[in-house]
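# Architecture and fold: a report
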Amino acid sequence: MDVKNAFLHGDFKETVYMHQPLGFRYPDHLNHVCLLKKSLYGLKQAPRAWYKRFADYVSTIGFSHSRSDHSLFIYHRGTSLAYIMLYVDDIILTTSSDKLCKSIMSLVNSEFDMKDLRPLSYFLGIVVTHHAGSLFLSQRKYAAEIIKRADMSSCKSSPTPVDTKPKLSANSSTSYEDPSHYRSLAGTFQYLTFTRPDITYVVQQVCLFMHDPRVEHMNALKRIIRYIQGTLNYGLHLYPLSTSTLFSYIDADWGGCRDTRWSTSGYCMFLGNNLVSWSAKRQSTLSRSSAEAEYRGVANVVSESCWLRNLLLEVHCPIQKATLVYCDNVSAIYLSGNPVQHQRIKHIEKDIHFVREKVARGQVRVCHVPFRYQIADIFIKGLPSVLFEYFWDSLSVRRTPAMTARVC
């Protein structure tokens with residue numbers, strides 16, 4: 001659903017004055033100002049005022065506010081379930097029955113002027129395709145616009161988004177002639193990673209050098225564009241769940257940054273067979289060993305899993321089993337279960353105690369995975385095309401269902 005003139009619905013509690021608008025001046029009091037009772041577009045308070053007005057109303061019809069995600073509202077009465085996801089004036093409503101859906105839509109429409117956009121097919125630039133009970137999320141149009149903006153519509157495709165050479169450096173080659181153009185393209189790719197986790201690592205790399213881009217950085221960015229050109233019809237698949245297990249893969253590239261020697265950690269988290277969370281991020285401190293770098297990554301993914309477990313509990317889909325964290329560093333696995341605090345790891349004591357507490361409570365299990373099955377490798381370094389394609393498919397990044405059917 002879409003709200004018409006959303007920001008005009010907000011009520012003001014603050015005292016805000018404005019000049020009399022042109023065409024509506026009061027002729028006897030031209031020097032007077034207007035006291036606003038409702039919000040207007042262009043005011044800093046308008047988004048917050050609209051959000052509060054909407055949140056207050058849906059609470060009166062039975063929705064509760066999620067503590068894990070402030071844009072989520074949950075309705076639960078017996079076997080009836082409904083969720084509202086709000087982003088500014090765009091709304092997704094999903095319910096356990098058609099009758100409940102029509103009832104909620106009628107109530108919300110009586111309070112706000114709404115436009116019913118029918119079953120979910122497009123939201124914030126993401127195309128949602130329903131296929132045989134599954135969902136396919138794609139940003140093909142958005143990706144094509146990026147390629148057109150870069151003036152590379154006729155470029156040849158690349159099999160991988162990044163090569164296997166060492167990471168980029170801040171002092172390599174000469175400065176790029178148009179830094180603003182580089183920043184614009186690199187920034188647009190960040191949103192594309194919402195449905196293309198396969199480019200998360202290289203996008204993280206090129207975004208590290210926005211302050212002073214070099215020719216080598218621009219060449220890396222162009223390679224992403226060539227890769228996207230050959231995979232425009234790819235997106236993220238989500239399938240119906242038969243099991244509610246939460247598991248993740250975590251890996252770290254120890255001292256991989258050529259300038260600071262900071263490590264890059266990456267993880268991917270699955271709910272059943274569906275990829276629900278992923279990240280590639282340079283760590284903010286220097287790690288003195290590979291075990292330390294890996295353990296910092298384990299702490300990050302355990303923190304993310306705690307948030308996801310709380311969110312699933314709120315939407316009445318609790319996870320009963322422990323979250324499995326797959327790591328290929330044996331030392332990091334031992335640290336998660338060994339109660340002895342060694343002298344050489346006291347500087348990461350908080351991360352250690354945090355993970356050990358979750359392990360002791362039975363909420364997390366840190367397990368070993370052979371490096372050849374370590375899917376998180378795709379988030380920390382460039383891989384050969386054969387290995388990249390194998391991990392790529394494991395992330396459920398595939399062609400659109402219709403194109404897959406034609407190929408078969």
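Computed from a prediction, not measured in an experiment: that's the story for all the values here.

Cut-offs used in this document
Residues numbered from 1 in each chain as written. Predicted model: local features only at pLDDT ≥ 70, side-chain atom pairs only at ≥ 80, totals over all residues. Heavy atoms only, no water. Helix = DSSP H or I, 4+ residues; strand = E, 2+ residues; numbered from the N terminus. Buried < 20%, exposed > 50% of the residue type's maximum accessible area, 1.4 Å probe, protein only. Contact = heavy atoms within 4.5 Å. Areas by Shrake-Rupley, 256 points an atom, 1.4 Å probe, with all protein chains shown as cover. Lys, Arg positive; Asp, Glu negative; His and termini not counted. Charge placed at Lys NZ, Arg CZ, Asp CG, Glu CD. Pairing = 2+ DSSP bridges. UniProt positions renumbered as here; feature names shortened; annotations may be inferred. Axes fitted to C-alpha atoms, helices over the stretch in contact; angles between N-to-C directions. Parallel < 35°, antiparallel > 145°, perpendicular 65-115°, else oblique. Left-handed = near helix turned anticlockwise from the far one by under 90°. Nonpolar A, V, L, I, M, F, W, Y, C, P; charged D, E, K, R; others polar. Core = buried A, V, L, I, M, F, W, Y, C linked by side-chain atoms within 4.5 Å. Polar contact = N/O pair within 3.5 Å; in protein donor to acceptor, adjacent residues only side chain to side chain. Phe/Tyr/Trp six-rings, centres within 6.5 Å; stacked < 30°, edge-to-face > 60°. pLDDT = per-residue confidence, 0-100.

### Points about the overall build of the chain
- Each helix and strand counted, the chain has eleven helices and 18 strands in total.
- Structurally, the chain occupies a C-alpha span of about 75 × 60 × 55 Å along its principal axes.
- In the chain, which comprises 408 residues, the share counted as buried stands at 46%.
- Taking the intrachain contacts of the chain between residues at least 6 apart in sequence as the baseline, contacts between residues at least 24 apart amount to 69%.
- For the chain, the exposed surface amounts to about 22000 Å²; the carbon and sulfur share of it is 54%.
- Counting 48 positive and 34 negative side-chain charges, the chain places the centres of these two groups 2 Å from one another.

### Section: the pairing of strand β16 (residues 323–327)
- Because side chains alternate across β16, one face comprises the buried residues T323, V325 and C327, and the other comprises L324 and Y326, none of which is buried.
- Bridge analysis of strand β13 (residues 246–253) against β16 gives four bridges, and the strand direction is parallel. Across the sheet, residue S248 finds its bridge partner in β16, namely V325.
- Here five bridges tie β16 to strand β17 (residues 364–368), and the two strands are oriented parallel to one another. Bridging from a neighbouring strand, C327 pairs with H368 of β17.

### What about the UniProt feature "domain: Reverse transcriptase Ty1/copia-type" (unreviewed entry) in the chain?
- Within this numbering scheme, the UniProt entry marks residues 1–162 as carrying the feature "domain: Reverse transcriptase Ty1/copia-type" (unreviewed entry).
- Measuring from the first to the last C-alpha atom of residues 1–162 gives 39 Å, for a span that is 24% helix and 28% strand.

### A word on the packing of helix α4 (residues 179–192) against helix α6 (residues 215–230)
- Running from N to C, α4 and α6 cross one another at 40 degrees; their axes reach a closest spacing of 11 Å. Compared by their axis directions, α4 and α6 come out oblique. Where α4 crosses over α6, the two elements pack in a sense that is left-handed. Of the residues in α6, those in contact with H181, Y182, L185, A186, F189 and L192 of α4 are H217, M218, L221, I224, I225 and I228.
- Across the contact of α4 with α6, the residue classes tally to ten nonpolar, two polar and no charged.

### A short note on the sheet that holds β13
- Read across the open sheet, the five strands follow the order β15-β14-β13-β16-β17; overall the sheet is mixed. Single-partner strands in this sheet number two, and they are β15 (274–282) and β17. Put simply, the sheet's adjacent strands are angled 20 degrees from each other on average, direction ignored.
- Packing of helix α7 (residues 290–314) onto the sheet brings it into contact with β13, β14 (264–271), β15, β16 and β17, and relative to β13 it is tilted by some 155 degrees.
- Lying over the sheet, helix α8 (residues 330–337) contacts β16 and β17, oriented at roughly 155 degrees with respect to β17.

### With respect to the nonpolar core
- Counting residues in each nonpolar core, the largest one holds 50 residues, and the members touching the most others are F189, I228, C268 and L395.
- Every residue in contact with C268, bar those within four places of it in the chain, is listed here: F247, S248, Y249, L275, S277, W278, I375, A376, F379 and L395.
- The next biggest cluster of nonpolar side chains, apart from the first, holds 28 residues, and it includes L271, V302, V355 and V366.

### Description of the side chain of N329
- For N329, the location among the structural elements is in the loop between β16 and α8.
- Residues within four places of N329 in sequence aside, it is in contact with S290, A291 and E294.

### Side note on the side chain of Q139
- Considering the arrangement of structural elements, one finds Q139 in the loop between β11 (134–138) and α3 (140–149).
- A distance of 3.3 Å separates a polar atom in the side chain of Q139 from the backbone oxygen of Y191.
- Sequence-distant contacts of Q139, that is, excluding residues within four places in its chain, are made with G125, I126, Y191, L192, F194 and T195.

### Examining the packing of helix α1 (residues 46–60) against helix α2 (residues 98–111)
- It is at 11 Å that the axes of α1 and α2 come closest, and there the two elements cross at 135 degrees. In this view, α1 runs oblique relative to α2, as classed from their interaxial angle. As α1 runs across α2, the sense of the crossing is right-handed. Contacts between α1 and α2 involve R53, F54 and Y57 on the former and, on the latter, L107, V108, S110 and E111.
- For the contact of α1 with α2, the class distribution of residues is four nonpolar, one polar and two charged.

### What about the packing of aromatic side chains?
- As enumerated under the stated definition, the model contains 19 aromatic pairs in all.
- Here Y142 and Y191 contribute two aromatic rings whose centre-to-centre distance is 5.6 Å and whose plane-to-plane angle is 85 degrees, an arrangement assigned as edge-to-face. Here Y142, found in helix α3, pairs with Y191, found in helix α4; they are 49 residues apart in sequence, far enough to count as distant.
- Ring centres of Y234 and W392 lie 5.0 Å apart, and the angle between their planes is 25 degrees; this geometry places the pair in the stacked category. Here the residue Y234 occupies a position in strand β12 (residues 234–238), and W392 occupies one in helix α10 (residues 385–394), the gap between them amounting to 158 residues.

### Concerning unusual backbone geometry
- The backbone phi angle of R118 is positive, close to 65 degrees, even though this residue is not glycine.
- Within the secondary structure, R118 sits in the loop between β8 (114–115) and β9 (122–123).
- Overall, R118 belongs to the exposed group, its relative accessible area being 63%.

### Here's the deal with the confidence of the model for the chain
- Per-residue pLDDT for the chain has a mean of 88; in total, 95% of the residues score no lower than 70.
- Element-level pLDDT for the chain is lowest in helix α11 (residues 401–407), with a mean of 52, against a maximum mean of 94 in strand β5 (residues 72–77).
- The low-confidence segment residues 404–408 (pLDDT under 50) makes one contact with residues lying over four places distant or belonging to another chain.

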